[in-house]
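What follows is each chain in one-letter form.
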Amino acid sequence: MTAVRHAALAVASCAALSLSPQAVLAKPWEEIRTQGEISVCANPNALPYASIRPEAPGFQLEIARRLAARLGVRLRVEWIVPRMRAAMVDCDLLMDTIAVPGVHPPSLKLSVPYYRGGVALAFAPGQEPARTYRALKPGTRVGVIMNSLASLIVSKTAAALVPFGFEDDMLEAVARGDIAAAAASAASVGYFNLKHPDAPLTLVHAEDEEPELRWPVAVGMRRADEDVVKAVNAALSALLDD
C-alpha cells in the first residue's frame, strides 16, 4: 500500500469516526430541501481554505456557499477542530476531501472532484529553487509538516528535514531565511504571497513529479442518500462549467 493510501486511510478513519449513531440512516435530499438548509463543517482558522472571519471566509467556504445557492438552500457553517468532530454537530458536507478510490467507508459519499490538491515546494526570495523533490541539494533545510506524506518524500532526499506543526509558521520561516524551502500546498503559498507582495516566495509545482503528493479533491457527504449525491454533483458540475 502506498503512502498516499495510508494518508487517505487516516482521513477515511476520521470520517468514519465522524459518523454518529444516527448516521446508520441516510439523510434524504427531501429533508434537506424541506428544511431549506444544508450544513458544512469547517475549521475556523485555516486560511486560505476556511476562516470564521466574515471578511476572509476562505475559498472552500466560498465554494460551499455557491454550492448551497445552486442547491436552492441556505448554508449553515459548523466550526470544528479537528475534522473528526463532525459527528458532534452532524454536518452534511466536508469540503476538501481527498478523493482516493477504495479508502473511504461507504458511509462517506464523494462528489465529482472539483480541484487538484497536493504539496508543492516554496523557496525564499533569491534562493535557487529545485524543480523536483529529488533535485533538493544535500543539506538544504526544508520545512515539512510533521508526519506528513511530504516529510516521507523529503526524508528520501539529501535535504535536511525541519519539522513544523502549521504551514503558515513554516512559510514565515522561509521568508525569514530560517529555512531554505518548505513543502506546502500551492494554495497556502499563493495566499502567503498575496499577503507579502513585496517579498513573494517562489512556488515550484514539484508535486507534478511525485504522484503520492497530488490528488483529486471532492466534497464529502455524510449520511447522504443517492438523491443528495445527485443534487450536489449536478450543482458542482454547473459551478465548474461557469
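Just above, that's the structure.
So, how was this worked out
Residues numbered from 1 in each chain as written. Predicted model: local features only at pLDDT ≥ 70, side-chain atom pairs only at ≥ 80, totals over all residues. Heavy atoms only, no water. Pairing = 2+ DSSP bridges. Helix = DSSP H or I, 4+ residues; strand = E, 2+ residues; numbered from the N terminus. Axes fitted to C-alpha atoms, helices over the stretch in contact; angles between N-to-C directions. Contact = heavy atoms within 4.5 Å. Buried < 20%, exposed > 50% of the residue type's maximum accessible area, 1.4 Å probe, protein only.

*Asks:* Whenever I open this one, the sheet that holds strand 12 (residues 202-204) confuses me. Can you help?
*Replies:* Sheet strands line up and pair through hydrogen bonds in the backbone, either parallel or antiparallel. The sheet built from five strands is open, its strands ordered 10-9-11-8-12 with mixed pairing. The sheet is open, and its two borders are formed by strand 10 (160-164) and strand 12, each paired with just one other strand. Looking at each pair of strands side by side, their axes are set apart by 30 degrees on average, direction ignored. Bridge count for strand 9 (residues 141-145) against strand 10 is five bridges, and the pairing is parallel. In the sheet register, Arg 141 faces strand 10, and the bridge partner there is Ala 160. Across the sheet, helix 6 (residues 167-176) is in contact with strand 8 (120-123), strand 9, strand 10 and strand 11 (181-184); its angle to strand 11 comes to roughly 155 degrees.

*Asks:* Got a minute to help me understand the environment of Ala 184 in this structure?
*Replies:* Positionally, Ala 184 belongs in strand 11. According to the relative accessible area criterion, Ala 184 is buried, its value standing at 0%. Remark: the alpha-carbon pair of Ala 184 and Gly 118, spanning 66 residues in sequence, is separated by 8.2 Å. When sequence neighbours within four positions are dropped, the list of residues in contact with Ala 184 reads Gly 118, Val 119, Ala 120, Glu 167, Met 170, Leu 171 and Val 189.

*Asks:* Would you mind showing me how to read unusual backbone geometry here?
*Replies:* Peptide bonds are mostly trans, and most non-glycine residues show a negative phi. Cis geometry marks the peptide bond from Leu 47 to Pro 48, where omega comes out at 15 degrees. Within the secondary structure layout, Pro 48 lies in the loop between strand 2 (45-46) and strand 3 (50-51). At Asn 147, a residue that is not glycine, the phi angle is positive and equals roughly 60 degrees. Mapped onto the elements of the fold, Asn 147 is located in the loop between strand 9 and helix 5 (149-155). The residue Arg 223 is not glycine, and still its phi comes out positive at about 55 degrees.

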